[in-house]
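Structural characterization, general
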Amino acid sequence: MMRPIGEMQAGILDAMPLLDEVRVDFDGAIGSVLSRPVDARENLPGFDNAAVDGFAVVSSDVAEIPVELDVVDDIAAGCIPAAVVTTGTASRIMTGAPVPAGADAIIPVEDVEIPGEDRVRILVSGSPGDNIRPAGGSVREGDRVFDAGLRLEATHVSVLASMGIRPLVRRRPIVAIMSTGDELVPPSTAVLDPGLIRDSNRTLIKGRLAELGAEVLDLGIVPDDAAAFGSALDEAVAHADAIVTSGGVSMGAYDVVKMTLRERGTVEFLRVAMQPGKPLGFGAVDGVPFFGLPGNPVSVFVSFEQFVRPALLSMMGAERLFRDRVPGILDDGVTTNPEKTVFVRVTTDRGPDGVWHARRSGGQSSNVLSALAFADALAVVPVGTGRVEPGGSIELEMMRWPEARTREEALGAR
Ligand code: AMP
Ligand code: MG
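Residues numbered from 1 in each chain as written. Chains lettered and ligands numbered in written order. Predicted model: local features only at pLDDT ≥ 70, side-chain atom pairs only at ≥ 80, totals over all residues. Heavy atoms only, no water.

Concerning the overall build of the protein chain
Assigned secondary structure in the protein chain consists of 9 helices and 28 strands. By the compact-globule yardstick of 22 Å for 414 residues, the protein chain is too spread out, its C-alpha radius of gyration being 30 Å. Principal axes of the C-alpha set define a box for the protein chain whose edges measure 95 × 50 × 45 Å. Expressed as a percentage of the 414 residues in the protein chain, the buried residues total 46%. Looking at the protein chain alone, contacts between residues at least 24 apart form 70% of all its contacts between residues at least 6 apart. For the protein chain, the exposed area adds up to about 19,700 Å²; of that, 51% sits on carbon and sulfur atoms. Averaging the positions of the 38 positive and the 58 negative side-chain charges in the protein chain gives two centres separated by 7 Å. (Helix = DSSP H or I, 4+ residues; strand = E, 2+ residues; numbered from the N terminus. Rg over C-alpha atoms; globule rule 2.2 N^0.38 Å. Buried < 20%, exposed > 50% of the residue type's maximum accessible area, 1.4 Å probe, protein only. Contact = heavy atoms within 4.5 Å. Areas by Shrake-Rupley, 256 points an atom, 1.4 Å probe, with all protein chains shown as cover. Lys, Arg positive; Asp, Glu negative; His and termini not counted. Charge placed at Lys NZ, Arg CZ, Asp CG, Glu CD.)

Brief notes about the domain arrangement of the protein chain
The assigned domain composition of the protein chain is domain 1 (5-19 + 172-321), domain 2 (22-40 + 142-170), domain 3 (52-133) and domain 4 (325-397). Taking the mean C-alpha position of each, domain 2 and domain 3 sit 37 Å from one another. (Domains from an automatic or database assignment.)

Things to note about the packing of helix H4 (residues 201-212) against helix H7 (residues 297-315)
For the pair H4 and H7, interaxial distance at closest approach is 11 Å and the crossing angle is 25 degrees. Put simply, H4 runs roughly parallel to H7. As H4 packs across H7, the resulting crossing turns out to be right-handed. Of the residues in H7, those in contact with Asn201, Leu204, Ile205, Arg208, Leu209, Glu211 and Leu212 of H4 are Pro297, Val300, Phe301, Phe304, Glu305, Arg309, Leu312 and Leu313. Partitioned by chemical class, the residues of the contact of H4 with H7 number 10 nonpolar, 1 polar and 4 charged. (Axes fitted to C-alpha atoms, helices over the stretch in contact; angles between N-to-C directions. Parallel < 35°, antiparallel > 145°, perpendicular 65-115°, else oblique. Left-handed = near helix turned anticlockwise from the far one by under 90°. Nonpolar A, V, L, I, M, F, W, Y, C, P; charged D, E, K, R; others polar.)

Some words on the pattern of salt bridges
Applying the stated criterion across every chain, the model contains 26 salt bridges. Via salt bridges that share partners, Glu68, Asp70, Glu113, Arg119 and Arg121 belong to a single interconnected network. (Salt bridge = Lys/Arg side-chain N within 4 Å of Asp/Glu carboxyl O.)

Some details on the environment of glycine 136
Mapped onto the elements, glycine 136 comes out in the loop between strand E10 (132-133) and strand E11 (144-146). Exposure remark for glycine 136: the relative accessible area of 8% places this residue in the buried category. Taking the C-alpha atoms as reference points, glycine 136 and lysine 278, 142 residues apart in sequence, are found 54 Å from one another. Each residue touching glycine 136, except ones within four places of it in the same chain, is listed here: Asn43, Leu44 and Pro45.

A look at the packing of aromatic side chains
A complete count under the given rule lists 2 aromatic pairs for this structure. Consider the rings of phenylalanine 282 and phenylalanine 291, whose centres lie 5.2 Å apart with planes at 50 degrees: the pair is tilted. Of the two residues, phenylalanine 282 and phenylalanine 291, both sit in the buried class. (Phe/Tyr/Trp six-rings, centres within 6.5 Å; stacked < 30°, edge-to-face > 60°.)

Points about the nonpolar core
Membership of the largest hydrophobic core comes to 41 residues, with the highest contact counts inside it found for Ile12, Phe291 and Leu293. Of all the elements, H7 adds the most residues to this core, at 11 residues. Here this core gathers at least three residues from each of two domains, domain 1 (5-19 + 172-321) and domain 4 (325-397). Contact partners of leucine 293, with chain neighbours within four places excluded, come to Ile205, Val244, Thr245, Ser246, Gly247, Val249, Leu280, Val300, Ser303, Phe304 and Val308. Val222, Ala232, Ala236 and Val256 belong to the second-largest nonpolar core, a separate cluster that totals 20 residues. (Core = buried A, V, L, I, M, F, W, Y, C linked by side-chain atoms within 4.5 Å.)

So, the site of ligand 1
Surrounding ligand 1, one finds 16 residues, the nearest of these being Glu183, Asp199, Asn201, Gly248 and Gly295. Here glutamate 183 contributes a side-chain N or O atom positioned 2.6 Å from an oxygen atom of ligand 1. Within the backbone of glycine 295, a nitrogen or oxygen atom sits 3.3 Å from a nitrogen atom of ligand 1. If ligand 1 stood free it would expose 480 Å²; the protein chains cover 76% of that surface. Sorting the residues of the shell around ligand 1 by element identifies strand E13 (174-180) and strand E15 (197-198) as the ones contributing at least two each. Considered class by class, the residues forming the shell around ligand 1 number 3 nonpolar, 10 polar and 3 charged. (Near = heavy atom within 4 Å. Polar contact = N/O pair within 3.5 Å; in protein donor to acceptor, adjacent residues only side chain to side chain.)

As for the packing of helix H1 (residues 5-15) against H7
The geometry of H1 relative to H7 is characterised by a closest axis approach of 9 Å and an angle of 30 degrees between their N-to-C directions. It follows that H1 is roughly parallel to H7 by the angle criterion. Note that H1 runs across H7; the crossing there is right-handed. Within the contact between the two elements, H1 uses Ile5, Met8, Gln9, Ile12 and Leu13 and H7 uses Gln306, Phe307, Pro310, Ala311 and Ser314. Per-class residue counts for the contact of H1 with H7 are 7 nonpolar, 3 polar and no charged.

Focus on the pairing of E13
Burial of E13 is extensive: 6 of the 7 residues sit out of reach of the surface. Where E13 meets strand E16 (residues 215-222), 6 bridges bridge the pair, whose relative direction is parallel. Note that in E16 the partner of valine 175 across the bridge is valine 216. Across 5 bridges, the pairing between E13 and strand E17 (residues 242-246) is parallel. Counted as the bridge partner of alanine 176 is isoleucine 243 from E17. (Pairing = 2+ DSSP bridges.)

Comments concerning the sheet that holds E17
Read from one edge of the open sheet, 6 strands run E16-E13-E17-E21-E20-E18, paired in mixed fashion. The open sheet has two edge strands, E16 and strand E18 (268-271), and neither has a second partner. Each neighbouring strand pair of the sheet contributes to a mean axis angle of 20 degrees, computed without reference to strand direction. As defined by bridge partners, strand E20 (residues 279-285) adjoins strand E21 (residues 288-293) across 5 bridges and the pair is classed as antiparallel. Looking across to E21, one finds that alanine 284 is bridged to proline 289. H1 contacts E18, E20 and E21 of the sheet and is inclined by roughly 15 degrees relative to E20.

Here it is as structure tokens:
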């Protein structure tokens, strides 16, 4: 019996431990997940301040214009006002400087003339609050700013930085990776001996792990040999929070991962109702979550996306675990095995109708890496479907947004 993919994903997520909490510095926080909600400890901005360079005035003074006022102070950003603004007076003020007591509006410098030293002529009227950024206008003390489970991007961390809050996050997972197979040689191998292939899976997995902010423990290429695989596992369980292998989990005579883990750990070798990526080993070795991915590179990719990525995000405490899906049209149609959820590698673009259109990005065999590289999305054909006609509707799991535009596309012809 093949396991439905959703059931497999649920089982994996249920088995994932949560990594420890750590407090991290701002720059190091990007890519980590908040373990606690963040509440503001102070107002942001902390004080009323000028939104423009100009003159702080009493707004009732400038209801009728033009009007001339005495300039009593000059307030740069970072300074404390030295004078109170009273009727008939104004203070020159720079963007971000504290609004002086008495003033309730800032007249932009573009809307005044300077008739003489310490005098300003206001040419445009103002009302209370004009060009003032009020204290707490961005964030109020006590406000819930971010919920736990948020994966921090630079924009989020900049908010934390503005509040001086070093966040509590979950530690990033250390992930041990290895490629198994007697046929594998390092990618730097210039000339291949007969029957050998370059190991591309580790490069792929490392890239995906980097995107997640995981730390990689690279155990290299492991031959199809029980002793070698066993010692690589020893190294992995000693240091890693999760183990990801490729190869050796299907029905072959030398499937070392499968054979070794019959005697060690609690890893189940399953057939998932999906394509590519049907064979999968999942469980724990000495308590460390273990993912035995298939060997074929495209299967590795899809299995990583469907199982490992959500699992690691879950360990990191993330609320959102799965990539977004958008409805689209499969222009060229596809016939699939109706017993499986099939992930079709597709390129996408948004048609003049504003709808996402997808086409197969190349051969759909699980060894065709190039079609994967050209793909923007996985078009998901669910179990029980079997065929999508050309122009038929489909869900697109976006792996990247093909939004990058050329100069001509963005700005028109030169
Ligand atoms: P296996 O599941 O070990 O039988 O591997 C399935 C297929 O994937 C075989 O054709 C392998 O040569 C290929 N393969 C396994 N590991 C890698 C790897 N690290 N890089 C590229 N291809 C691989
Ligand atoms: Mg193999």
